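Below are the chains, spelled out letter by letter.
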2 protein chains.
Amino acid sequence: MPDPDPVLKLLWRHHATSPDVAPRRGPKQKVSVDDVVDAAIDLADADGLAALSMRGLAQRLGLGAMTLYTYVATRNDLVVLMVDQVVGRRVLPPHPDDLRERLEQVARMQYDDCRAHPWLLDVTGLRAWLGPHVADRYEWQLGAVEGLGLDDIEMDQTVTLLATFGTGAARAEEAVRHAERETGMTDAVWWEANHEALTEVMAGREYPLAGRVGTAAGEAYQAASDPRRELDFGLARIVDGLVAHLAERAR
Amino acid sequence: MPDPDPVLKLLWRHHATSPDVAPRRGPKQKVSVDDVVDAAIDLADADGLAALSMRGLAQRLGLGAMTLYTYVATRNDLVVLMVDQVVGRRVLPPHPDDLRERLEQVARMQYDDCRAHPWLLDVTGLRAWLGPHVADRYEWQLGAVEGLGLDDIEMDQTVTLLATFGTGAARAEEAVRHAERETGMTDAVWWEANHEALTEVMAGREYPLAGRVGTAAGEAYQAASDPRRELDFGLARIVDGLVAHLAERAR
DNA sequence: CATATATTCCGTACGGCGTACGATGTCGTT
DNA sequence: AACGACATCGTACGCCGTACGGAATATATG
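Thresholds applied
- Residues numbered from 1 in each chain as written.
- Chains lettered and ligands numbered in written order.
- Predicted model: local features only at pLDDT ≥ 70, side-chain atom pairs only at ≥ 80, totals over all residues.
- Heavy atoms only, no water.
- Helix = DSSP H or I, 4+ residues; strand = E, 2+ residues; numbered from the N terminus.
- Buried < 20%, exposed > 50% of the residue type's maximum accessible area, 1.4 Å probe, protein only.
- Contact = heavy atoms within 4.5 Å.
- Domains from an automatic or database assignment.
- Buried area = accessible area lost by both parts, 1.4 Å probe.
- Salt bridge = Lys/Arg side-chain N within 4 Å of Asp/Glu carboxyl O.
- Near = heavy atom within 4 Å.
- Polar contact = N/O pair within 3.5 Å; in protein donor to acceptor, adjacent residues only side chain to side chain.
- Nonpolar A, V, L, I, M, F, W, Y, C, P; charged D, E, K, R; others polar.
- UniProt positions renumbered as here; feature names shortened; annotations may be inferred.
- Phe/Tyr/Trp six-rings, centres within 6.5 Å; stacked < 30°, edge-to-face > 60°.
- Lys NZ or Arg CZ within 6 Å of the ring centre and 35° of its normal.
- Core = buried A, V, L, I, M, F, W, Y, C linked by side-chain atoms within 4.5 Å.
- Axes fitted to C-alpha atoms, helices over the stretch in contact; angles between N-to-C directions.
- Parallel < 35°, antiparallel > 145°, perpendicular 65-115°, else oblique.
- Least-squares fit on C-alpha atoms with pLDDT ≥ 70 in both.

Our focus in this paragraph is the environment of Val37 of chain A. Residue and element names in this part refer to chain A. Considering the arrangement of structural elements, one finds Val37 in helix α2 (residues 33-47). A residue is classified by how much of its surface remains accessible, and Val37, at 0% relative accessible area, is buried. In the structure, Val37 is positioned 191 residues away from Arg228 in sequence and 30 Å away in space, judged by C-alpha atoms. Not counting the four nearest positions on each side in its chain, Val37 is found in contact with Leu78, Leu81, Met82 and Gln85.

Dropping the structure here:
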């Protein structure tokens, strides 16, 4: 059996069974792990996860680059800590009485968090996510679908569906923002600049539906898409489907 | 007004209005742009987008590293070409008569493509995606919801909802695969290795719902999650919601 | 108090990355 | 035959994460 993942100790550092009262040898640490993680979150919020470098973070903290590795074993571990810490910043509101509102709130919170910290969208596939705040969040999410007649597995699937959609909607929105930053122009300007070249290069190809729908969307949104309305539309459909499913389960 | 994006010419290179019959001066290119993009897709399929380097790709093609830049302006452009090329590989089947099947097919195709080429999940926020195959795909998707009584905007939103969900489900699946590769252990093994450390570090914290649901899921799946069933469950709910919405629109 | 030991801090260095630049050779055009 | 456009590609620059080892500093032990 493999050894347990050391990052778990760091994730749960504030809930230590042994509060580490025993003073440690050697020099005191100049800053705390929380300081490091908070500063990293600041940098990632400002410039994205890709722009967060160990050297840059160290400089921000007034430390040598390698000193960071006495706080965190690797950059990956740092990101894991960032996720849990940023998830913990949101206070979890009580679940509304109205069923639809309760379900929507799960998705919208995921959406809001990903909008506030877009780098969350770039974090994938790290297993040892099980920090205290991520666990709190999952517990809260399950609370929104408790007592509705679902079995345990369906509760998990329902929550996952809502959270996945909220994340996906945020990703669509951030894709637009990212493109704007990278090209330095808004959707409207990009289309103006590329319309001519596009029609020339697409000569002969016919896209009746895409052309019609794209034009309608462009006029309605002043952009190629409107992720905000996509969130509302999709969430309405999903909640409709979930409510219908709940009604059937309760029958 | 900014200049048009040069990558468009490359994306639509096979539909050139001027087929470039005029022979170009200088040495012939050793390979073709398609060769470069195909090889890049191979490498990304095998080891992920992060492991796709210009040097590695050049070596694979028997070229010097810098030679690639006579085919493609930047690595980013290469990725854009990869997306369109890989999207074009799938033949677009006719839409089934059954409405539910038609909607499901849109989401499942997105899911399948992302599973077959997980690096698609790492490509975000590139605007100049409008290659011929991406356009074909969008046209095809819209065809699945044409003539159902939706206005143009709702057609777009419906298609986006299905595609977003398919992508999100694939992302959940790939997150598991990614974690397995990174840690070198399956979900079950990871939990066995970390269960003891977790319970120790979580001492005092209570997660009644998460504990109950997690245990149920673990026993049912032999893993922390089962993205495949999540796809089926979520898709069923979404299609339910969409069908209800269509019925209302048609009323 | 003196010494040993654990821990922090951090400078240097290595192998990777994307790609800017310029030299060199090869072809079609004149 | 000479020119100019183009492909090829070696070198180099500034980034990145981080392995390693030495110096400084705190506590633990004699």
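Picking up where we left off.
Accessible area lost when the parts come together is the quantity often used to give the size of an interface. Residues and elements named next belong to chain A. Its domain assignment divides chain A into domain 1 (7-87) and domain 2 (93-250). Using C-alpha coordinates to define each centre, domain 1 is positioned 30 Å away from domain 2. Between domain 1 and domain 2, the contact holds 18 residues from the first and 16 residues from the second. Taken over both partners, the interface formed by domain 1 and domain 2 buries close to 1,600 Å², and the fraction arising from carbon and sulfur atoms is 72%. Counting the surface domain 1 buries against domain 2, the share from its top three residues, Val83, Asp84 and Val87, is 32%. Counting across the domain 1 and domain 2 interface gives 0 salt bridges.

Within the structure, DNA strand C sits among 27 residues, and Lys30 and Met66 of chain A together with Met54, Arg55 and Arg75 of chain B are positioned closest to it. Here DNA strand C approaches the protein such that, of its atoms within 4 Å, sugar and phosphate make up 57%. One of the side-chain nitrogen or oxygen atoms of Ser53 of chain B is found 3.0 Å away from a phosphate oxygen of DNA strand C. Tallied by class, the residues present in the surface near DNA strand C amount to 10 nonpolar, 8 polar and 9 charged.

The subject of this paragraph is the interface of chain A and chain B. Contact with chain A, which involves 80 residues of that partner, is made by 80 residues of chain B. The interface formed by chain A and chain B contains 6 salt bridges. Residue Arg212 of chain A pairs with Asp152 of chain B through a salt bridge whose shortest N-O separation is 3.0 Å. Along the contact surface separating chain A from chain B lie 19 residue pairs in polar contact (both at pLDDT 80 or more).

Further remarks concern the UniProt feature "DNA-binding region" (unreviewed entry) in chain A. This chain's UniProt record puts "DNA-binding region" (unreviewed entry) on residues 53-72 of chain A. Taken end to end, residues 53-72 of chain A has its terminal C-alpha atoms 13 Å apart, with 40% of it in helix and 0% in strand.

A few words on the packing of aromatic side chains. The way to describe two aromatic rings as a pair is by their centre distance and the angle between their planes. Going through the model one piece at a time under the given rule, you end up with 2 aromatic pairs over all chains. Geometrically, the ring pair formed by Trp190 of chain B and Trp191 of chain B is edge-to-face, given 5.4 Å between the ring centres and 80 degrees between the ring planes. Of the residues examined, Trp190 of chain B reaches a relative accessible area of 1% and is grouped as buried. For Arg237 of chain A, the ring lying beneath its charged end belongs to Phe233 of chain A, and the centroid distance is 4.8 Å.

Another point: the UniProt feature "domain: HTH tetR-type" (unreviewed entry) in chain A. The sites that carry the UniProt feature "domain: HTH tetR-type" (unreviewed entry) are, in the present numbering, residues 30-90 of chain A. This span, residues 30-90 of chain A, is 62% helix and 0% strand, and a straight line between its end C-alpha atoms measures 28 Å.

Ranked by internal contacts, the top residues of the largest apolar core, which has 140 residues, are Met82 of chain A together with Met82 of chain B. Contact partners of Met82 of chain A, with chain neighbours within four places excluded, come to Val37, Ala40, Ile41, Ala44, Leu49, Leu52 and Trp119 of chain A.

Let us look at the packing of helix α6 (residues 132-143) of chain A against helix α9 (residues 208-221) of chain B. Between two packed helices, both the angle of their axes relative to each other and the distance between the axes serve to describe the pair. Packing of α6 of chain A against α9 of chain B leaves a shortest axis separation of 8 Å and a crossing angle of 85 degrees. Between α6 of chain A and α9 of chain B, the crossing angle belongs to the class labelled roughly perpendicular. For the pair α6 of chain A and α9 of chain B, the contacting residues are Tyr138, Glu139, Leu142 and Gly143 of chain A in the first and Pro208, Leu209, Ala210 and Val213 of chain B in the second. Along the lines of polarity and charge, the residues of the contact of α6 of chain A with α9 of chain B split into 6 nonpolar, 1 polar and 1 charged.

For DNA strand D, the set of nearby residues contains 27 residues, the closest of which are Arg25 and Arg55 of chain A together with Lys30, Met66 and Thr70 of chain B. Among the atoms of DNA strand D lying within 4 Å of the protein, the sugar-phosphate backbone contributes 62%. A distance of 3.1 Å is found between a phosphate oxygen of DNA strand D and a side-chain nitrogen or oxygen belonging to Tyr69 of chain A. Here a phosphate oxygen of DNA strand D sits 3.4 Å away from a polar atom, N or O, in the side chain of Tyr71 of chain B.

A few words on the relation of the copies chain A and chain B. Expressed as a screw operation, the relation of chain A to chain B combines 0.0 Å of axial shift with a rotation of 180 degrees, fitting to an RMSD of 0.0 Å. What we have between these two chains is a two-fold relation. No C-alpha of chain A lies nearer the rotation axis than that of Gly241 of chain A, which sits 2.1 Å from it. Counting the interface residues of chain A, we find that 100% of their copies in chain B are interface residues as well, pointing to one common contact surface.

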